[in-house]
Amino acid sequence: MFKTEVYKVNSSNFSFRKSTTTDFPEQNATCVLNNENDQAAINKAVDWLKKNEAIGVPTETVYGLAANALNEQAVSKIFAAKNRPQDNPLIVHVSSIEMLKSILPDRKVPEVYLPIIRQHWPGPLTIIVPTSDLIPSSVTCGHPTVAVRFPAHPVARSLIEACGFPLAAPSANSSGKPSPTLASHVYHDLQGRIPMIIDGGPCNVGVESTVLDGLRSPPAILRPGGLTYETLKQSDGMENLQVYRKHFVDKDLEMAPTTPGMKYRHYSPEAMVILIDRKADNDTTANRSFDEKFDHIGMLRTTKDGESEVWESIAKVDDNVECISLQMGRRGHPEEVARGMFKGLRDLDGRSVDLIFVEGIPEDKEGMAVMNRLRKAASKIVEI
Ligand code: TXA
Ligand code: MG
């Protein structure tokens, strides 16, 4: 047991000086930090990480549970703290191209990723690369590849640079729960199990990174995420980009639990979730009845154009049934819904509802990642 300490930092105090000596000036930038309080938090975090402990760290997608990716004992703390199945591999986070090269066989970055890295790193994109002897097999779960990401969040970037070693980090939730987009979500799930959380405020993207396998031909998105399919497809070499399950399925992938959420329950709050998937070309309402009795119902929905943005409302359905309605963001703004979705599920759980109706959104842009998560969180999907 730990007493979990939360250190608040201010992201705007962290800036980055571009490298002048490499051909990746942005990706090999170094952190400049002139704030004592923030520096003390980074130092404390580095201390814990060097002691092979796992701590909560903000990234632009969701909070991560980070530990030294090159140390077996440190990595085992991640699995233990969040109760993660041992066969679900981790993402390794780097803060420079030099660090990426240091973990690759012969320091060689696969050609296919060079334009992608230049355009989209740092950012909400994870790439699959060949693994090397430096990476413990508990990170890759024995697979011949490893997932690597260069986060854009200044605090995560600065922390990895200060450590000098890459950090393995899954989302910092208890396994199976909605991902954390606030430090308080991490505290709720992992308090007492980890020594420290860095509180860098709310995550700007709100859904996890896009997982890209560029070693496949054609390249494929294994998990839709913060970097949209539409954007990625425009990059050099990504003209034939496919999305797993949408454009193809693969028996081998289906067997190995490498593709997120294929095997395990994911993103689920305590309450039962029902996803209302409104097909654009279908406006007949499906009637379903439920055997169970629910007296606290939650609704997670979007705000329509022209509707005032009331973030919370409570209505009595009848004498015994109360309905709490929360907003995730404006319809037509999938990036807002992505930012608000996990928080909405967690907030409704905090209000002890028994059942959550979630409004589905179109699968464009960030909507693809949102609907991927909601389908996995839902026990039932009602198409209307
Ligand atoms: O945004 C994110 O990606 C966050 C932040 C903390 O960086 N991390 C995150 O990690 O979402 P996690 O563990 O919740 O999801 C990582 C997923 C795993 O579920 C796994 O399926 C996939 O990445 N993955 C890891 N290694 C892989 C590999 N070698 N091949 C294919 N998929 C892999
Ligand atoms: Mg996760």
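What you see is a predicted model; the values in this text were computed from it and never measured.

Here we look at the overall build of the protein
Then step 1. A count of helices and strands for the protein gives eleven helices and 19 strands.
Then step 2. Against the globule reference of 21 Å for 384 residues, the protein gives a C-alpha radius of gyration of 21 Å, in line with a compact fold.
Then step 3. Judged by the C-alpha coordinates and their principal axes, the protein covers about 65 × 50 × 40 Å.
Then step 4. Looking at the protein as a whole, 55% of its 384 residues qualify as buried.
Then step 5. For the protein, the share of sequence-separated contacts (at least 6 apart) that also reach a separation of at least 24 residues comes to 70%.
Then step 6. Split by element, the accessible area of the protein, about 17100 Å² in all, is 48% carbon and sulfur.
Then step 7. On the protein, the mean spot of the 44 positive side-chain charges and the mean spot of the 49 negative ones are 2 Å from each other.

Here we look at the pattern of salt bridges
Then step 1. Applying the stated criterion across every chain yields a total of 18 salt bridges.
Then step 2. Note that E98 is salt-bridged to R107, the shortest N-O span being 2.9 Å.
Then step 3. Close ionic contact of E363 with K246 constitutes a salt bridge, the shortest N to O distance being 3.9 Å. Of this pair, E363 sits in the loop between β18 (355–359) and α11 (367–377) while K246 sits in the loop between β13 (242–243) and α9 (251–255), and the two are 117 residues apart along the sequence.
Then step 4. Take K246: its relative accessible area is 46%, and that puts it in the partly exposed class.
Then step 5. Within the structure, one salt-bridge network assembled from shared partners comprises K246, D277, E363 and R375.

Describing the packing of helix α10 (residues 334–350) against α11
Then step 1. Where α10 meets α11, the axes come as close as 8 Å, and the angle between the chain directions of the two elements is 25°. It follows from the interaxial angle that α10 and α11 lie roughly parallel. The handedness of the crossing between α10 and α11 is left-handed. Contact residues: α10 offers P334, V337, A338, M341, F342 and L345, while α11 offers G367, V370, R373 and L374.
Then step 2. For the contact of α10 with α11, the residue count by class is eight nonpolar, one polar and one charged.

Calculation criteria
- Residues numbered from 1 in each chain as written.
- Chains lettered and ligands numbered in written order.
- Predicted model: local features only at pLDDT ≥ 70, side-chain atom pairs only at ≥ 80, totals over all residues.
- Heavy atoms only, no water.
- Helix = DSSP H or I, 4+ residues; strand = E, 2+ residues; numbered from the N terminus.
- Rg over C-alpha atoms; globule rule 2.2 N^0.38 Å.
- Buried < 20%, exposed > 50% of the residue type's maximum accessible area, 1.4 Å probe, protein only.
- Contact = heavy atoms within 4.5 Å.
- Areas by Shrake-Rupley, 256 points an atom, 1.4 Å probe, with all protein chains shown as cover.
- Lys, Arg positive; Asp, Glu negative; His and termini not counted.
- Charge placed at Lys NZ, Arg CZ, Asp CG, Glu CD.
- Salt bridge = Lys/Arg side-chain N within 4 Å of Asp/Glu carboxyl O.
- Axes fitted to C-alpha atoms, helices over the stretch in contact; angles between N-to-C directions.
- Parallel < 35°, antiparallel > 145°, perpendicular 65-115°, else oblique.
- Left-handed = near helix turned anticlockwise from the far one by under 90°.
- Nonpolar A, V, L, I, M, F, W, Y, C, P; charged D, E, K, R; others polar.

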